[in-house]
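What follows is the residue order along each chain.
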Amino acid sequence: TTCPIQQSISAEPYQSAPATLFGYTPNVHEILRGLRCHEFVAYVQPKFELESNAVHSVEVLARWEHPQRGLLAPAAFIPLMAFETLLLDELLCDLLDQGLACQTELHSQGRTLGFSFNLSMLQLANDALIGRLIGRLGEHTLPLSLVTLEVTEDAPSVASAACFQNVSRLRRLGVRMSLDDYGTGYSSLLRLCQLPFDELKLASQVTWHSIENRPYRSVIGNTVALAQELRMQLVVEGIETEGQRVWLKQMGVQLGQGYLHSRPMAADSFAEWLRANPYAIATRSSFNS
Ligand code: C2E
Ligand code: MG
Ligand code: MG
Ligand code: MG
């Protein structure tokens, strides 16, 4: 019989790669067609407790099930969508619906888990979009403290007064806010000062060097202290090896995410995966190359 762990790993037969590596750059019309045909699907990747490996919550990640090109990662379509922010907004609403439906279904099966969704700082500044999200969230039957919005920043933008107001609107409803890829790109210390976040996701680039290299260790140690002091939940991204998990745990990190624990998988198959892996055990690392 096939091991469910191997199944979940082989469920995603590609690495994230720039669109050019697929030899394919979609155009706006094709993305629009894909959205209309519901080809964009929610994948989920657990956040897990470093101590026990138990699933803590899940992040929703976009995938495009392209009829000719196969399964495409965000790198193949998000940059283009970001130019036509209406497309990105449609994607977000679509994934929110899919994710909340999955969350509700899991809850009815006795597994109540937090779900998080990605949006850009520019989207956060869009009052109309945030209004749409709030409308959808208003129909959700679970407490909104089980919903987190991860703010990603792939382009320079300002945390405007609109961002601040929208964060306040969302947090008043109980929605949690997370600062994604903290420590890389435009996700900076300054952002932490400008907006109130409930969660801090430390960028995977830091994780990948943490053990060998002294500056990275200091950065992790200080980020743990910073998160504690600002009462934010720290999640460390990109944990790929058992050594990283153990070391981060020793550094006081409680939550992580990464291929060591689980690859992103189709939201549709997540309930089944959970039944097979109530806890994702550490021996999983033996499946890592
Ligand atoms: P992100 O939100 O920081 O998501 C984490 C990315 O790291 C995901 O890539 C995930 O598959 C990958 N990852 C997780 N664990 C590991 C690991 O251990 N090693 C390695 N090498 N990679 C790992 P993915 O799914 O390709 O997404 C890339 C980015 O695209 C996301 O980064 C996010 O910024 C953006 N994105 C994904 N879905 C959406 C979406 O629905 N809307 C928006 N606006 N952006 C999205
Ligand atoms: Mg994210
Ligand atoms: Mg991230
Ligand atoms: Mg990212």
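Here the structure is a predicted model, which is why all the values come from computation and not from measurement.

**Student:** Help me understand the pattern of salt bridges, please; the structure alone is not making it clear to me.
**Tutor:** Side chains carrying opposite charge are able to pair once their charged atoms draw close together. According to the stated counting rule, one finds 12 salt bridges in the structure shown. Between lysine 201 and glutamate 59 there is a salt bridge whose closest N-O contact spans 2.8 Å. With lysine 201 in strand 7 (residues 199-202) and glutamate 59 in strand 2 (residues 55-66), the pair connects residues that are 142 residues apart, well separated along the chain. One exposure class covers both lysine 201 and glutamate 59, and it is buried.

**Student:** So what exactly am I meant to see when it comes to the pairing of strand 5 (residues 147-152) here?
**Tutor:** The side chains of a regular strand alternate between both faces of the sheet. In terms of burial, strand 5 is a largely internal element, 6 of the 6 residues being buried. Along strand 5, one buried face is formed by Val147, Leu149 and Val151 and the opposite face, lined by Thr148, Glu150 and Thr152, is buried too. Pairing of strand 5 with strand 6 (residues 176-182) involves 4 bridges; the strand directions are parallel. Paired with leucine 149 across the two strands is methionine 177, which belongs to strand 6. With helix 7 (residues 161-172) bridging strand 5 and the parallel strand 6, this β-α-β connection has right-handed handedness.

**Student:** Mind showing me how you'd approach the coordination of the magnesium ion (ligand 3) here?
**Tutor:** Note on metal sites: the ideal angle is 109.5 degrees for four tetrahedral donors, and 90 or 180 degrees for six octahedral donors. Here the magnesium ion (ligand 3) is held by the protein donor atoms Asp180 (OD), Asp181 (OD), Glu237 (OE) and Glu237 (OE), which lie 1.9 to 2.8 Å from it. We note that the donor set of the magnesium ion (ligand 3) lies within a single chain, spaced as D-D-x55-E. Separating the magnesium ion (ligand 3) and the magnesium ion (ligand 2) is a distance of 4.0 Å, and aspartate 180 donates to both of them. Residue class for aspartate 180 comes out buried when judged on its relative accessible area of 3%.

**Student:** Before we go on, may I ask you to explain the environment of phenylalanine 83 in this structure?
**Tutor:** If you trace the backbone, phenylalanine 83 turns up in helix 3 (residues 78-83). Judged by relative accessible area, which is 74%, phenylalanine 83 ranks as exposed. Put simply, phenylalanine 83 and glycine 238 are 155 residues apart on the chain and 27 Å apart in space, counted from C-alpha to C-alpha.

**Student:** Just to check I follow, could you spell out the pairing of strand 6 for this structure?
**Tutor:** The buried fraction of strand 6 is high, at 6 of 7 residues. Pairing analysis gives 3 bridges linking strand 6 to strand 7, with the strands arranged parallel. Directly across from leucine 179, in strand 7, lies its bridge partner leucine 200. The parallel pair strand 6 and strand 7, bridged by helix 8 (residues 189-194), forms a crossover whose chirality is right-handed.

**Student:** Teacher, can you tell me more about the confidence of the model for the chain here?
**Tutor:** Any segment with low pLDDT has predicted coordinates that should not be analysed in fine detail. Confidence in the prediction of the chain, expressed as mean pLDDT, is 87, and 88% of residues score 70 or more. In the predicted structure, residues 1-21 sits below a pLDDT of 50 and forms 34 contacts with residues beyond four places in sequence or in another chain. Long-range and interchain partners of residues 282-289, a stretch whose pLDDT sits below 50, account for 19 contacts in this model, where long-range means more than four residues apart. In the predicted assembly, ipTM is 0.95 and pTM is 0.90.

**Student:** Is there a simple way to explain the side chain of glutamine 257 in this structure?
**Tutor:** Relative to the helices and strands, glutamine 257 resides in the loop between strand 9 (255-256) and strand 10 (265-266). A polar contact is formed between the side chain of glutamine 257 and the backbone oxygen of glutamine 45, at a distance of 3.4 Å. Apart from residues lying up to four places away in sequence, glutamine 257 is in contact with Gln45, Pro46, Lys47, Phe48, Glu59, Lys201, Val235, Val236, Glu237, Gly238 and Ile239.

**Student:** I'm lost on the environment of leucine 80 in this one. Help?
**Tutor:** Within the element layout of this structure, leucine 80 appears in helix 3. Judged by relative accessible area, which is 23%, leucine 80 ranks as partly exposed. Sequence separation between leucine 80 and proline 26 is 54 residues; the distance between their C-alpha atoms is 8.0 Å. Ignoring any residue separated from it by four or fewer positions in sequence, one finds leucine 80 in contact with Pro26, Asn27, Val28 and Ile31.

**Student:** Honestly, the packing of aromatic side chains in this entry has me stumped. Any pointers?
**Tutor:** Aromatic rings considered in pairs are described by the distance between their centres and by the relative angle of their planes. In this structure the tally under the stated criterion is 4 aromatic pairs. Centre to centre, the rings of phenylalanine 270 and tryptophan 273 are 5.8 Å apart; their planes meet at 15 degrees, and the pair counts as stacked. One end of the pair is phenylalanine 270 and the other is tryptophan 273, both in helix 12 (residues 267-276) and 3 residues apart, which spans about a single turn. Residue classification places tryptophan 273 among the buried residues on the basis of a relative accessible area of 5%. Geometry around tyrosine 259 places arginine 263 over its ring, the cationic atom sitting 3.8 Å from the centre.

Cut-off values and rules
Residues numbered from 1 in each chain as written. Chains lettered and ligands numbered in written order. Predicted model: local features only at pLDDT ≥ 70, side-chain atom pairs only at ≥ 80, totals over all residues. Heavy atoms only, no water. Salt bridge = Lys/Arg side-chain N within 4 Å of Asp/Glu carboxyl O. Helix = DSSP H or I, 4+ residues; strand = E, 2+ residues; numbered from the N terminus. Buried < 20%, exposed > 50% of the residue type's maximum accessible area, 1.4 Å probe, protein only. Pairing = 2+ DSSP bridges. Right-handed = clockwise from strand over helix to strand, strands pointing away. Donors = N, O, S within 2.8 Å, 3.2 Å for Na, K, Ca; no water. pLDDT = per-residue confidence, 0-100. Contact = heavy atoms within 4.5 Å. Polar contact = N/O pair within 3.5 Å; in protein donor to acceptor, adjacent residues only side chain to side chain. Phe/Tyr/Trp six-rings, centres within 6.5 Å; stacked < 30°, edge-to-face > 60°. Lys NZ or Arg CZ within 6 Å of the ring centre and 35° of its normal.

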